[in-house]
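So you can see what is in the structure, the chains are spelled out below.
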Amino acid sequence: MDVRSVIQTKRDGGELSEEEIRYFLGGYVRGEIENYHAAALTACIFTRGMTSRELVRWTHAMLHSGSTLSFPEVVQKKADKHSTGGVGDKVSIPLAPAVAACGVAVPMISGRGLGHTGGTLDKLESIPGFRVQLSDDEIHRAIDRTGVAFGAQTKELVPADRLLYALRDACGLVESIPLIASSIMSKKLAEGIDALVLDVKFGSGAFLPDPARGRELADVMISLARGMNVRCSAFQTAMDRPLGRACGHVLEIVESIECLSGGGPEDLRELVVLQGGEMLRLAGVAATLDEGRKRIAQAIDSGRALGVFELIVREQGGDPRVLKNPELLPRAPDADPWKAEHDGTLSFVDVRAIGHAINALGGGRTKVTDEIDPAVGLVWRKHAGEAVKRGETLCEIHHRGGRGLEACRALLARGARIGASVECSPLVLGTIAG
Ligand code: URA
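Residues numbered from 1 in each chain as written. Predicted model: local features only at pLDDT ≥ 70, side-chain atom pairs only at ≥ 80, totals over all residues. Heavy atoms only, no water.

Within the chain one finds 16 helices and 13 strands. Relative to the globule expectation of 22 Å for 434 residues, the C-alpha radius of gyration of the chain, 21 Å, shows essentially globular dimensions. Considered along the principal axes of its C-alpha atoms, the chain spans approximately 70 × 45 × 35 Å. Partitioning the contacts of the chain with sequence separation of at least 6, the portion at a separation of at least 24 is 78%. Just so you have it, the chain exposes about 17,400 Å², and 49% of that area is on carbon and sulfur atoms. Charged side chains in the chain number 52 positive and 56 negative. The centres of these two groups are separated by 1 Å. (Helix = DSSP H or I, 4+ residues; strand = E, 2+ residues; numbered from the N terminus. Rg over C-alpha atoms; globule rule 2.2 N^0.38 Å. Contact = heavy atoms within 4.5 Å. Areas by Shrake-Rupley, 256 points an atom, 1.4 Å probe, with all protein chains shown as cover. Lys, Arg positive; Asp, Glu negative; His and termini not counted. Charge placed at Lys NZ, Arg CZ, Asp CG, Glu CD.)

This is the structure in structure tokens:
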């Protein structure tokens, strides 16, 4: 077998065998296959696609390209949630402790923000002291003590994806359903979970804006999970507007604590209750989705979920006082309103631009090595579809001495409109129950 023949097979529309895939991904991870060969093969997969059995082989080889997690000592079922991401999406932060409070363990390996989307790990790290770079032992200890581990992908976990995702990003080869599905599922299936809920976003702030493409991705990911004996459901949810009111790391932690305290925006609570409820159903702890939803709502309203979050913050080195005193979180020194220029109805035409408006303030990354300012961001005072009057505040801009403020305002004007009344898409467009 040689590298060129594997690439040529795919270039000509052929199907890669298990042997060819193992040879290629194994060689790539060991540094025996060059980046340019991997880029060529990835480009051929991007244009030619993959058959279902080829995708299963590819995902399997990615998953076993390094170590995987397993929790034989944990008696509870293990479940996780993955979102394809967007602006203001902080669901994982209140959801994981709420699910753990209902008796299901959540080993959650998350990512960092890049481009217009924020990342769960960056948000958690905005809590002073909070550590996400956990060793295997620390992940096991966190699960044992709190029911949750919020961790980052290690060097050993799915190294093929770490290399390939960076390569695809650099070469403009991200938006391919088989490549996205294998990338996400290899990481999630490496967590040793029994159940997985997928939140596949649609709309202008989503990675795949078209709901039909999102549905295709969801179907492929569900079938990969089932093939590996993991129960899996997906929800298609709205990212044609920001989720919740707060967008920006610290601001989203504050909103997550509000949600865990029984308050916060309705859309955030609805997704936490829905997706957490489905995790309980898939894990066999609730008989129906309705029962699961009720249990999550009770865990929040009784304060148990907030109690678990406090344990997690302590366990992962964070300062638990921020739960009661959010002013201990790093705060931007300045806040300015962004006001409506005329009467009308607020709508969002380009949610990516809203994400980039936060980046302009210093609150995001355009490349993985960029530093972020966790304190800056936006708090929406009006929501999509709401009537507004000229001069009313649409959102507050939290900034540091005017840094990026003008660019932020220009991007907000590109992303949001005030016009005639608009129809809002439903928060949950579809459910694919596993
Ligand atoms: N997220 C991932 O983890 N991988 C992709 O390919 C796209 C989004």
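Glancing now at the site of the ligand. Around the ligand, a shell composed of Y165, R168, I180, S183, I184, K187 and F207 is seen. For the ligand, an oxygen atom lies 2.8 Å from a polar atom in the side chain of R168. In this structure, S183 approaches the ligand through a side-chain N or O atom, which is 2.6 Å from a nitrogen atom. Relative to its unbound accessible area of 240 Å², the ligand is 90% covered by the protein chains. (Near = heavy atom within 4 Å. Polar contact = N/O pair within 3.5 Å; in protein donor to acceptor, adjacent residues only side chain to side chain.)

Here we come to the sheet that holds strand β5 (residues 231-238). Read from one edge to the other, the open sheet built from four strands follows the order β1-β4-β5-β13, with strand pairing classed as mixed. Looking at which strands have only one partner, the edges of the open sheet turn out to be β1 (79-83) and β13 (428-432). Across the sheet, the mean angle from the axis of one strand to that of its neighbour is 15 degrees, orientation sign disregarded. With five bridges joining them, β1 and strand β4 (residues 195-202) adopt parallel strand pairing. Considered in β4, the bridge of S83 is made with D199. Set on the sheet, helix α9 (residues 177-189) makes contact with β1 and β4; between it and β1 the angle comes to about 155 degrees. Strands in contact with helix α10 (residues 211-227) are β4, β5 and β13; relative to β5, the strand with the most contacts, it is inclined by about 165 degrees. (Pairing = 2+ DSSP bridges. Axes fitted to C-alpha atoms, helices over the stretch in contact; angles between N-to-C directions.)

The next point concerns the pattern of salt bridges. According to the stated counting rule, one finds 32 salt bridges in the structure shown. For E32, the salt bridge goes to R30, with nearest N and O atoms at 3.1 Å. Look at R30 and you get exposed, because its relative accessible area is 56%. Each of R112, D122, E125 and R365 takes part in one network of salt bridges that share partners. (Salt bridge = Lys/Arg side-chain N within 4 Å of Asp/Glu carboxyl O. Buried < 20%, exposed > 50% of the residue type's maximum accessible area, 1.4 Å probe, protein only.)

This part takes up helix α14 (residues 304-315). Relative to the 16 Å expected for 12 residues at 1.5 Å per residue, α14 spans 17 Å between its end C-alpha atoms, a close match to the ideal helical length. Within α14 the residues assigned to the buried category are A305, V308, F309, I312 and V313. For α14, the buried positions fall inside an angular range of 140 degrees around the axis, keeping them on one side. For α14, the secondary structure elements touched by its buried residues are α5 (92-101), α6 (120-125), α7 (136-146), β3 (148-152), α11 (249-260) and α13 (289-301). (Expected span 1.5 Å × (residues − 1). Arc of directions from axis to C-beta.)

Turning our eyes to something else, we now look at the pairing of strand β12 (residues 416-419). Burial of β12 is one-sided: the residues A416 and I418 facing one way are buried, the residues R417 and G419 facing the other way are not. Pairing of strand β8 (residues 344-348) with β12 involves four bridges; the strand directions are antiparallel. In the sheet register, S347 faces β12, and the bridge partner there is R417.

What follows concerns the sheet that holds strand β6 (residues 246-247). Hydrogen bonds along the backbone pair up the strands of a sheet, which may run parallel or antiparallel. Strand order across the open sheet formed by four strands is β6-β9-β11-β7, with antiparallel pairing between neighbours. Each having just a single partner strand, β6 and β7 (334-339) make up the two edges of the open sheet. Bridge count between β7 and strand β11 (residues 393-399): six bridges; the pairing is antiparallel. In the strand pairing of β11, A335 is matched with H398.

Attention now goes to the pairing of β3. By the criterion of burial, β3 is predominantly enclosed, with five of the five residues buried. The two faces of β3 match: V148, F150 and A152 on one face and A149 and G151 on the other face are all buried. Here strand β2 (residues 106-110) runs beside β3; their pairing, made up of five bridges, is parallel. In the strand pairing of β3, V106 is matched with V148.

Attention now moves to the nonpolar core. By size, the foremost hydrophobic cluster in this structure holds 84 residues, and its most contacted members are I296, F309, L378, W380, I397 and L412. It is helix α12 (residues 266-282) that provides the largest number of residues to this core, a total of eight residues. Among all residues touching F309, those that are not within four sequence positions of it are I93, P97, L124, I127, I257, L260 and L323. (Core = buried A, V, L, I, M, F, W, Y, C linked by side-chain atoms within 4.5 Å.)

Turning to the state of the cysteines, a few remarks are in order. This model, assessed by the stated rule, comprises zero disulfides. Left unpaired, C395 is separated from the closest cysteine sulfur, that of C408, by 6.9 Å. Looking at C408, the relative accessible area reads 0%, which means it is buried. (Disulfide = S-S within 2.5 Å.)

You can see N359 is positioned in helix α15 (residues 351-360). Overall, N359 belongs to the buried group, its relative accessible area being 16%. Leave out the neighbours within four places in its chain, and N359 touches G115, H116, G364 and R365.

Keep in mind these values describe shape, not function.
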